[in-house]
Amino acid sequence: MAFESYVLVCGGTACVSGGGDSVVETFKKELEAAGLAEKVQVVVTGCLGFCEQGPLVKILPQGTFYVQVKAEDVKEIVAEHLIKGRVVSRLCYDPDQAKKLVADANIPFYQKQYRVVLRNCGVIDPEKIEDYIARDGYKALEKVLFEMTPEQVVEEMLKSGLRGRGGAGFPTGMKWKFAQQQPKGQKYMVCNADEGDPGAYMDRSTLEGDPHSILEAMTIAGFAIGASKGYIYIRAEYPLAIQRLEIAIKQARDLGLLGEKILGSDFDFDIELRFGAGAFVCGEETALLQSIEGNRGMPKPRPPFPAVKGLWGRPTVINNVETLANIPVIINKGAEWFSKIGTETSKGTKVFALTGKVNNSGLIEVPMGTTLREIIFDIGGGIRGGHEFKAAQTGGPSGGIIPPQFLDTPIDYENLAKIGSIMGSGGLIVMDETDCVVDIAKFYLDFTVDESCGKCSPCRIGGRKLLNYLNKITDGRGVEDDIKQLEAISDAMCKASLCGLGQTAANPVKSTLRYFMDEYMAHIKDKKCPAGKCTKLISYVIEAEKCKGCTLCARKCPVNAITGTVKNPHVIDQSKCIKCGQCIASCKFGAISVK
Amino acid sequence: MAKLTLEDLRKMREEKQKAMDMRDSANKNIQVIVGMGTCGIAAGAKDAFSALIDAINEKGLTNVLIRQTGCMGLCHSEPTVEVIMPEMPAIIYGNVDAATAKEIVEKHIVGHQLIDNKICDRPSIDIITNG
Amino acid sequence: MSNNLETMTPELRAFVEEWKAKPGNLIMVLHRVQQTYGYIPREIAIETSEILGVPLAKVYGVITFYNFFRLQKAGKYNIQVCLGTACYLRGGDDIIKEFERQLGVGVNATTSDGLFSIEAVRCIGCCGLAPAVVINGEVHGKVVTGDVTRILNIYRERG
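Residues numbered from 1 in each chain as written. Chains lettered and ligands numbered in written order. Predicted model: local features only at pLDDT ≥ 70, side-chain atom pairs only at ≥ 80, totals over all residues.

Asks: Would you explain the packing of helix α7 (residues 172-181) of chain A against helix α9 (residues 211-225) of chain A in this entry?
Replies: Each pair of packed helices can be described by the angle between their axes along with the distance between the axes. All names here are of chain A. α9 packs onto α7 with a crossing angle of 45° between their chain directions and a minimal axis gap of 8 Å. When the axis of α7 is compared with that of α9, the two are oblique. Side by side, α7 and α9 meet where Trp176, Ala179 and Gln180 of the first sit next to Ala221, Ala224 and Ile225 of the second. (Axes fitted to C-alpha atoms, helices over the stretch in contact; angles between N-to-C directions. Helix = DSSP H or I, 4+ residues; strand = E, 2+ residues; numbered from the N terminus. Parallel < 35°, antiparallel > 145°, perpendicular 65-115°, else oblique. Contact = placed C-beta atoms within 7 Å.)

This is the structure we're talking about:
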């Protein structure tokens, strides 16, 4: 026997504390009273996001989504919706939308996400080419090969407004056009799958979940620019993605979707994999090409651009995984359809790896122009453990830190640049008040210094100098003049470095200086770390009134810095303490604090 | 395998689409789909996968198709499992360990009941089937 | 560590010969070498340079440029602690310090019994499980410093 309807009540922390429990109880009572207990099942779910709108209730199979539901509202939902089948529009998130969509059972009422790139991820079996084909797979390739000229394909890309998703946001159609205009002869199509930004895994998930979309897009690009050979440059650290790509390439070759005379046309195209070996600088186009050629991945000055003189001196287009995943959809649904999504200058969607101090970390895709607040609070379910939102970081080591005043700024390429960050590849890291921005700047500089290829001195020396100053500040040896030095070096690196890595390496420093100067000053003048993170500037203290003398912390302390007798307050010997934090983690009475 | 012509490809798509619409491949009208990206596997998707197979065999169910897919994007709730079957709404369960996998078979598939505290929201509409 | 010189396995030799004619082969060949031996032994690097006709200086130039290639054999269990941003924010650096303290060796070093080596890696893409530790392909998620002893014991028992 199946139930006719299901009442889903969100069991996330925010909804429960907002009265979700009594909503569940009231539903059960009211359904019993109405004689529907056998027909409607009440279920508690995991966090559904939208925590600011809780408690949330969703009714299946219709998918009606009610927000801010109180126990008093339950009777009405039962009487109207479950008995009479009428939506209670005053409780819908957006009452207008409620009317429009009520007829379609499959469409949930209100959703922030919109999946173009991730359309097949989590839907198809990535190891079965038939699954991909059934979902309009290789349909765009058919259209391109038999109904379009290479010029028309490029024109469609230009019209769509698609811009590179790897970071800089260069229009994809322009890149293709430059390469197409080069004289005929050997040209190359390269997919950049060297996702090096720490905290980003969008491309890996796309390759693992939908490898054929990349193969199809590369073949289309090859047709447009006149290339017969493609390379996917992928991180060796992604074994599952490599395995699934290898399977996909074999399947496509077997069916004649790669190789000679594809689908009986005159077009030949084949793809090979090349493995990266853990060098962040290889995300830079010219360095990536060096690496495919089997050399150290050192960037070259541009021009000449790869579209003119790239792999082995031949015209080459390099597109990132996410950029490519959009292409079959643009061909199938048309540039016009695509350009309706997003903002004036930034079309389409963006995939983010939402991580850090957020409740629902995950891989999300939203239309360009969505605000940080919608991403972090509606989709991400807010900040973990009831902490405060302090900042978000986009663009990884090349990006900046975004403070709370920009939570409502629509995210697109231009707006992010204006507030001192970049779109980047899509890492979106959320920080709370326990994260120190100086320490974060140091973390990223440590990364870029390690990854600098050493070819040009602004990056090689400038990065090291920045890191030294940051270390000095977090160690409590900073002086006010250090700020000026940080600013001067940052500017010089920006202007004088050879490639994107050096030109953007100072961004984390610049943006933290811009928005969190007071925190730098606290480190320099007061010798304090307000977030309690920089170990040289903090001390762990046991509050005598709260300490029960259980001895647990003393036993956990790896350097025996804690002394005391049973049932008497303990004391930490500051000269021995290494600030590992094990005592705080072990204390059951909250008696140890960071000063 | 023979190389496809344009007509072959179109025929293949149409046939496979029909099969998917009917959600019926080889008389299996119940689909259980496990998210098997790196993150899902790291969180224990393989354990969930084998627990599902064990429970289905134990119940003697022959109409259930278990298959893998990529990342559903719900990293905070990995491993994730989606169940699609007649007379029930399609549901994504999160944090599926071996015990929950057993519950999915016993309660959801056999008992036609949803399971408390494990349901995740579907991230978005499907642009392929819903325009 | 053993002082025996490694010799090129027939499979590896076949692979190198197969790739010899392809342009840009060096990095792909070095990947296969590391897959075979777990690191890049000097004698194999020399042989590779001879077969491919690439100067040994270039071979080492490439090996030392890329983080992925190792010149020393890893421990039987290679502990990779993720230091991607999400893991760092959630305490990845504390985890690495605790492994170093308990094993008495630093990052990129192997314990004297050859059982463990420690490595700091950039984002393994399991940010939902941060902080994460990977040991020979097995992922341990949401690790706190108090878990380190337990994790090490799992592998000590396996021996």
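Asks: Can you help me understand the interface of chain B and chain C in this one?
Replies: By a widely used convention, the size of an interface equals the accessible area lost when the partners come together. Contacts between the two partners involve 7 residues from chain B, matched on the other side by 7 residues from chain C. Classifying every residue of the side of chain B that touches chain C by side-chain character gives 4 nonpolar, 2 polar and 1 charged. (Nonpolar A, V, L, I, M, F, W, Y, C, P; charged D, E, K, R; others polar.)

Asks: Help me out: how do you make sense of the interface of chain B and chain A in this one?
Replies: Listed by partner, the interface residues are 45 residues for chain B and 57 residues for chain A. Looking at the side of chain B that touches chain A, the elements that each hand over two or more residues are α1 (6-21), β2 (64-69) and β5 (119-120) of chain B. Sort the elements by how many residues they give to the side of chain B that touches chain A and α1 of chain B lands first, with 7 residues. Classifying every residue of the side of chain B that touches chain A gives 19 nonpolar, 17 polar and 9 charged.

Asks: When you look at the sheet that holds strand β10 (residues 362-367) of chain A in this model, what are you seeing that I'm missing?
Replies: Sheets are built from strands that pair by backbone hydrogen bonding, the pairs being arranged parallel or antiparallel. All names here are of chain A. An order of β10-β9-β13-β11-β12 is seen for the 5 strands of this open sheet, with the pairing classed as mixed. Both outer strands of the open sheet, β10 and β12 (400-402), are each paired with one neighbouring strand and no more. Averaged over all pairs of adjacent strands, the angle between their axes in this sheet comes to 30°, without regard to strand direction. Where strand β9 (residues 349-356) and strand β13 (residues 427-432) come together, 4 bridges link them in parallel fashion. Bridge pairing in β13 links alanine 353 to glycine 427. (Pairing = 2+ DSSP bridges.)

Asks: Looking at this structure, I do not really get the sheet that holds strand β1 (residues 5-10) of chain A. What am I missing?
Replies: Residues and elements named next belong to chain A. On the basis of which strands lie adjacent, the open sheet formed by 4 strands has the order β2-β1-β3-β4 and mixed pairing. Across the chains shown, the open sheet's two edge strands, defined by having one partner strand only, are β2 (40-45) and β4 (64-66). Taken over all neighbouring pairs, the strand axes of this sheet differ in orientation by 20° on average, direction set aside. Here strand β3 (residues 57-60) pairs with β4 via 3 bridges, running antiparallel. Across the sheet, the residue bridging to lysine 58 is phenylalanine 65, located in β4. Lying on the sheet, helix α1 (residues 13-33) is in contact with β1, β2 and β3; it crosses β1 at an angle near 155°.

Asks: Explain the packing of helix α16 (residues 437-451) of chain A against helix α20 (residues 507-515) of chain A to me, please; I cannot follow it from the model alone.
Replies: Residues and elements named next belong to chain A. Running from amino to carboxyl end, α16 crosses α20 at an angle of 170°, the nearest separation of the two axes being 8 Å. Considering their axes alone, α16 and α20 lie roughly antiparallel with respect to each other. Note on element contacts: α20 touches α16 through Pro508, Val509 and Thr512, opposite Val437, Val438, Ile440, Ala441, Tyr444 and Leu445. Split into classes, the residues belonging to the contact of α16 with α20 amount to 8 nonpolar, 1 polar and no charged.

Asks: Teacher, can you tell me more about unusual backbone geometry here?
Replies: What you tend to see is this: most non-glycine residues have negative phi, and most peptide bonds are trans. In this chain, proline 303 of chain A is followed by proline 304 of chain A through a cis amide linkage whose omega measures 5°. Residue placement: proline 304 of chain A occurs in the loop between α11 (285-292) and β8 (316-320). Between glutamate 78 of chain B and the following residue, proline 79 of chain B, the backbone shows a cis peptide bond with an omega angle of -5°. With respect to the helices and strands, proline 79 of chain B occurs in the loop between β2 and β3 (81-84). A positive phi angle, close to 55°, is found at leucine 263 of chain A, a residue other than glycine. Examined against the element boundaries, leucine 263 of chain A turns out to sit in the loop between α10 (239-254) and β7 (270-275).

Asks: Hey, could you run me through the pairing of β1 of chain A in this one?
Replies: Consecutive side chains of a regular strand alternate in pointing toward one face of the sheet and then the other. Residues and elements named next belong to chain A. Where burial is concerned, most of β1 is hidden: 5 out of the 6 residues are buried. Chirality of the crossover, the property in question, places the unit of β1, α1 and β2 among those that are right-handed. Relative to β3, β1 is paired through 4 bridges, and the arrangement is antiparallel. Of the residues in β3, the one forming a bridge with valine 9 is valine 57. (Buried ≥ 20, exposed ≤ 12 C-beta atoms within 10 Å, placed from the backbone. Right-handed = clockwise from strand over helix to strand, strands pointing away.)

Asks: Explain helix α14 (residues 372-379) of chain A to me, please; I cannot follow it from the model alone.
Replies: A turn of α-helix holds 3.6 residues, and therefore any two residues three or four places apart point the same way. Residue and element names in this part refer to chain A. Among the 8 residues that make up α14, 7 are buried, leaving the element largely enclosed by the rest of the structure. If you follow the buried residues of α14, they end up packed against β9, β10, β11 (389-394), β12 and β13. Just beyond α14, the residue with positive phi is glycine 381, at close to 70°.

Asks: Please explain the nonpolar core as it appears in this structure.
Replies: One recurring pattern in soluble globular proteins is that nonpolar side chains are buried together. Core analysis: the biggest nonpolar cluster contains 264 residues, and Val7, Val9 and Ile220 of chain A, Leu52 of chain B together with Ala132 of chain C have the highest contact counts within it. Among the elements that make up this core, the one with the highest residue count is α9 of chain A (9 residues). Apart from the residues within four sequence positions on either side, alanine 132 of chain C is in contact with Cys82, Cys87, Ile124, Cys126, Val139, His140, Gly141 and Val143 of chain C. Core analysis: the next-biggest nonpolar cluster, separate from the first, contains 11 residues, Cys553, Cys557, Ala561 and Ala591 of chain A among them. (Core = buried A, V, L, I, M, F, W, Y, C linked by C-beta atoms within 7 Å.)

Asks: Sorry if this is basic, but what is going on with the pairing of β11 of chain A here?
Replies: Residue and element names in this part refer to chain A. Within β11, 6 of the 6 residues are buried, leaving the element largely enclosed by the surrounding structure. Examined bridge by bridge, β11 and β13 share 5 bridges and lie antiparallel to one another. Across the sheet, the residue bridging to phenylalanine 389 is aspartate 432, located in β13. Bridge count for β11 against β12 is 3 bridges, and the pairing is antiparallel. Along β12, the bridge assignment pairs alanine 392 with isoleucine 402.

Asks: Could you clarify how one ought to interpret the domain arrangement of chain A in this entry?
Replies: On domain assignment, one finds that chain A holds domain 1 (5-101), domain 2 (129-335), domain 3 (349-432), domain 4 (437-524) and domain 5 (539-594). Here the C-alpha centre of domain 5 of chain A lies 47 Å away from the C-alpha centre of domain 1 of chain A. (Domains from an automatic or database assignment.)

Asks: Help me understand the environment of glutamate 38 of chain A in this model?
Replies: All names here are of chain A. Structurally, the position occupied by glutamate 38 is in the loop between α1 and β2. Given 11 C-beta atoms within 10 Å, glutamate 38 falls into the exposed group. Sequence separation between glutamate 38 and alanine 2 is 36 residues; the distance between their C-alpha atoms is 9.1 Å.

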